[in-house]
Amino acid sequence: MRAILAFAPLFGRLKGPMLLTLALSLLTIAAGIGLLGLSGWFLTAAALSTAGSAFNLFAPSAGVRGLSFVRILSRYGERLSGHQATLRLLSDLRAWLFARLFPLVPLSRRFGRGDLMSRLLADVEALDTVFLVALGPISTAVLTGLAMTVLLVVFLPGAAAIYGTLFFAAVLLVPIALVLASRKAGAEVVAAASALRQAVLDGLDGHQDLVLFEARGEAELASEAAVSRLAAARRRLGRNAAIASAAVQGLAGLALLGTLGAGFAALELRQVDGPLLAGLLLAVIASFEASALLVRSATRLAGAAAAADRLQAIAGSAPVIAEPAEPQVLPAGGEVRFEAVRFGYDPQRPVLDGLSFAVRTSECIAIVGPSGAGKSTIAQLLLRLVDPDAGTIRLNGCDLRAAASSELRRRVALMTQDAPVFLDSIRANLRIGRDAADDAELGAVLDAVHLGGFVRGLPEGLATVVGEAGRTLSAGEARRICLARTLLSEAEVIVFDEPTSGLDFETEAAFLTELPALMRDRTAIVVTHAAVPATFSRVLELRAGRIAEPSVPRP
Ligand code: ADP
């Protein structure tokens, strides 16, 4: 529950619409209580009246009609303002979450995809409805109970204590007991839903291979297990909710019987007359309308508490890399220097150990070596996706840790083997490299990567939407779109991490051969397992965490 309170500032911004919703919800219930109470009093009084003509029918029936209208209008207004507040909260929550997610690169190493998706969708939704479905109805019920108890203290004091006790047991104790009893099952539902999402995403991603290897059965078993786990947790929640519903109904019945008993006693003592007693009894029944949704509210509150915990876990996780308190400006140029760098994902088992090398501005070097030697790790270190355990990495003499990461990312660009093509137009895909690039610049960079003719030949040219993950493009075309995007950036150093993996031999050779010419006066560091063409200035070989031999300048 404390985690929900941590979101108070976001809720605070919507104080106005939330208070309006609460007021309208109270007005709806009050109109309902007034409507039934007045009807009970009016019908009984009319029936008991010996001379019908002496009874004023007009005022009460106008009151009944008036209250019905108030009830309809206030219910409508309550829904309108409640949903508006919820939708605004939804957008505020998403913005809050994205602002905290982005500095956490690389995300995938910390949260599974399914888990992250659950946090972004289900957890945010569980939290944005917390006012509409939980806090609002609970506050309405408590205030209704208080008002009805005061009414009884005035008109039927003998019933006030028993009604008050039973009503508050129904609207406070039962929901609290339900939240406590459902905490474990609630957390299990969230965890099981997240596991199911992961199983579904894995199944979708790997569908083709699973079918071709006839391994669909195992994938189906895995998702069935995730479904059964989720269903079992939901059943447990449902059972608790059913017991709580029965308890609320039972307490409502007892409150009615208690009021009836006290009412009969007061009637005999002539402390109350028949019509007033009928009116009060019907008002008591109407007051329990406020408790109708409370079981759902309590279940939601338990889910929202778990969701708030999970969202706070994202907000609270420290970025992998620390920003310097007083960032230095990186000097101009593209000179990169690794000085006795040691790094291990597990610090006990260093991947790089005493790695030193230097690359001059506008050199185009390749780093080769066996798989697992730590080539990609060099790329990660240069982009500060991880920091070295010992040693220093410098750009133009400045320690990378002394610069702001936003400036570093502007000066050093990365193109990985799985650089994504997004489901969007070719123009939008390219402009990720530089927002302001106009169509002439996009055309020039596409020509440079030999895609100019291809894109101009498409009926919609740059506006052509390329499929999800670039599926309407060949692997070579997709990779060239990513290369063009990287070339558009203004970075002085570009790191390529296996840029040709997955391409056929000829496309790979052409891609690498042309790369140095495309770099012009920028520095390129290309991590590759492919044969390095003679167009590169140097090849460094990585072995056992160091450069194997002094690198040989190329002729
Ligand atoms: P290369 O690019 O030369 O194939 P990598 O730099 O990707 O090698 O990996 C070097 C070593 O670090 C490998 O043993 C690999 O298993 C390990 N490694 C890579 N990434 C991670 C990671 N995120 N967590 C833990 N170990 C990793």
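Residues numbered from 1 in each chain as written. Predicted model: local features only at pLDDT ≥ 70, side-chain atom pairs only at ≥ 80, totals over all residues. Heavy atoms only, no water.

### Description of the overall build of the protein
Of regular secondary structure, the protein possesses 18 helices and 13 strands. Residues classed as buried in the protein amount to 46% of the 555 residues present. Surface exposure of the protein reaches about 27,400 Å², of which carbon and sulfur atoms provide 62%. The protein carries 52 positive and 50 negative side-chain charges, and their two centres are separated by 8 Å. (Helix = DSSP H or I, 4+ residues; strand = E, 2+ residues; numbered from the N terminus. Buried < 20%, exposed > 50% of the residue type's maximum accessible area, 1.4 Å probe, protein only. Areas by Shrake-Rupley, 256 points an atom, 1.4 Å probe, with all protein chains shown as cover. Lys, Arg positive; Asp, Glu negative; His and termini not counted. Charge placed at Lys NZ, Arg CZ, Asp CG, Glu CD.)

### Let's talk about the packing of aromatic side chains
In total, this model carries seven aromatic pairs according to the counting rule given. Measuring from ring centre to ring centre gives 4.7 Å for F338 and F357, while their planes differ by 15°; the resulting arrangement is stacked. Residue F338 is located in strand β1 (residues 336-343), and its partner F357 is located in strand β2 (residues 352-359); the two are separated by 19 residues in the primary sequence. Residue F338 is classed as buried on the basis of its relative accessible area of 2%. Judged by relative accessible area, F357 falls into the buried class, the value being 7%. Clustering of aromatic rings is evident, with ring pairs tying together Y163, F167, F168 and F288. (Phe/Tyr/Trp six-rings, centres within 6.5 Å; stacked < 30°, edge-to-face > 60°.)

### Examining a positive patch on the surface
Among the surface-exposed residues, K184, R235, R236 and R239 lie close enough to one another that they form a single positively charged patch. Within the secondary structure layout, R236 lies in helix α9 (residues 216-268). Residue class for R236 comes out partly exposed when judged on its relative accessible area of 33%. (Patch = residues over 30% accessible without salt bridge, like charges linked within 9 Å, V, L, I, M, F, W, Y side chains within 5 Å. Salt bridge = Lys/Arg side-chain N within 4 Å of Asp/Glu carboxyl O.)

### What about helix α5 (residues 113-128)?
For α5, built from 16 residues, the straight-helix expectation of 22 Å at 1.5 Å per residue is met to within 8% by its first-to-last C-alpha distance of 22 Å. The largest bend in α5 amounts to roughly 35° and is located at R119. Listed as buried for α5 are G114, D115, L116, S118, R119, L120, D123, V124, L127 and D128. Contacts made by the buried residues of α5 are with α1 (2-5), α2 (8-12), α4 (58-101), α6 (130-155), α7 (157-205) and α11 (294-316). (Expected span 1.5 Å × (residues − 1). Bend = angle between axes of the 7 residues up to and from the residue. Contact = heavy atoms within 4.5 Å.)

### Describing the site of the ligand
Taken together, eleven residues surround the ligand, and among them G372, G374, K375, S376 and T377 come closest. Note that an oxygen atom of the ligand is positioned 3.1 Å from one of the backbone N or O atoms of A373. Contact distances for the ligand include 2.8 Å between an oxygen atom and a side-chain N or O atom of S376. Protein chains bury 58% of the 550 Å² of accessible surface belonging to the ligand in isolation. Split into classes, the residues belonging to the shell around the ligand amount to four nonpolar, five polar and two charged. (Near = heavy atom within 4 Å. Polar contact = N/O pair within 3.5 Å; in protein donor to acceptor, adjacent residues only side chain to side chain. Nonpolar A, V, L, I, M, F, W, Y, C, P; charged D, E, K, R; others polar.)

### A look at empty space enclosed by the protein
In the structure shown here, the tally under the stated rule is one cavity of 30 Å³ or more. Roughly 30 Å³ of internal volume is contained in the largest cavity. Taken together, R384, D387, P388, I393, D399, L400 and R401 form the lining of the largest cavity. Among the residues forming the lining of the largest cavity, the class breakdown is three nonpolar, no polar and four charged. (1 Å grid on protein atoms, 1.4 Å probe; cavity = no way out; pocket = protein on both sides within 12 Å on 5 of 7 lines; lining within 4 Å. Points joined across faces, edges and corners; volume = space filled by probe spheres on them.)

### Some thoughts on the sheet that holds β1
Spatially, the four strands line up as an open sheet ordered β2-β1-β4-β5, and their pairing is antiparallel. Of all strands in the sheet, those bounded by a partner on one side alone are β2 and β5 (398-399). Sheet topology places strand β4 (residues 390-395) next to β5; two bridges connect them, and they run antiparallel. Residue pairing for β5: R394 is matched across the bridge by D399. Lying on the sheet, helix α12 (residues 375-382) is in contact with β1, β2 and β4; it crosses β1 at an angle near 115°. (Pairing = 2+ DSSP bridges. Axes fitted to C-alpha atoms, helices over the stretch in contact; angles between N-to-C directions.)

### Overview of the pairing of β1
Summarising the sheet, β1 and β2 pair through six bridges and their orientation is antiparallel. Within β2, the position partnered with F338 by the bridge is F357.

### Remarks on a nonpolar patch on the surface
Nonpolar side chains collect at one region of the surface, where V150, L151, V153, V154 and F155 lie side by side and expose about 430 Å² of accessible area between them. Along the chain, the position of V153 falls in helix α6.

### Here we look at the domain arrangement of the protein
With domains assigned, the protein is organised as domain 1 (90-315) and domain 2 (336-422 + 478-547). Between domain 1 and domain 2, the C-alpha centre-to-centre distance is 51 Å. (Domains from an automatic or database assignment.)

### Re the packing of α4 against α11
α11 packs onto α4 with a crossing angle of 40° between their chain directions and a minimal axis gap of 8 Å. Between α4 and α11 the crossing geometry is left-handed. Contact residues: W96, L97, R100 and L101 in α4; L311, Q312, I314 and A315 in α11. When its residues are assigned to classes, the contact of α4 with α11 shows six nonpolar, one polar and one charged. (Left-handed = near helix turned anticlockwise from the far one by under 90°.)

### A word on the pattern of salt bridges
In this structure the tally under the stated criterion is 25 salt bridges. In this structure, D353 and R342 form a salt bridge, with 3.9 Å as the shortest nitrogen-oxygen distance. Of the two residues, D353 sits in strand β2 while R342 sits in strand β1, which places them eleven residues apart along the sequence. Its relative accessible area of 34% is what places R342 among the partly exposed residues. The closest approach of N and O atoms between R456 and D447, which form a salt bridge, is 2.8 Å. Overlapping salt bridges, with partners in common, bring together R71, R75, E78 and E289 in one network.

### So, helix α18 (residues 505-519)
Compared with an ideal rise of 1.5 Å per residue, which puts 15 residues at 21 Å, α18 spans 22 Å between its outermost C-alpha atoms and is within 8% of the ideal. In the core, the buried residues of α18 are packed alongside β3 (364-368), β6 (412-416), α15 (439-448), α17 (475-488), β9 (493-497) and β10 (523-527). For α18, the capping residue at the N-terminal end is D504, with a side-chain oxygen 3.2 Å from the backbone nitrogen of E506.

### Digging into the nonpolar core
I4, F7, L97, L127, L152, L156 and Y163 are the most contacted members of the largest nonpolar core, which has 68 residues in total. Counting residues per element, this core draws most heavily on α7, which supplies eleven residues. Those residues in contact with F7 that lie beyond four places of it in its chain are L93, W96, L127, A308, L311 and Q312. M415, V421, C482 and M519 belong to the second largest nonpolar core, which has 41 residues in total. (Core = buried A, V, L, I, M, F, W, Y, C linked by side-chain atoms within 4.5 Å.)

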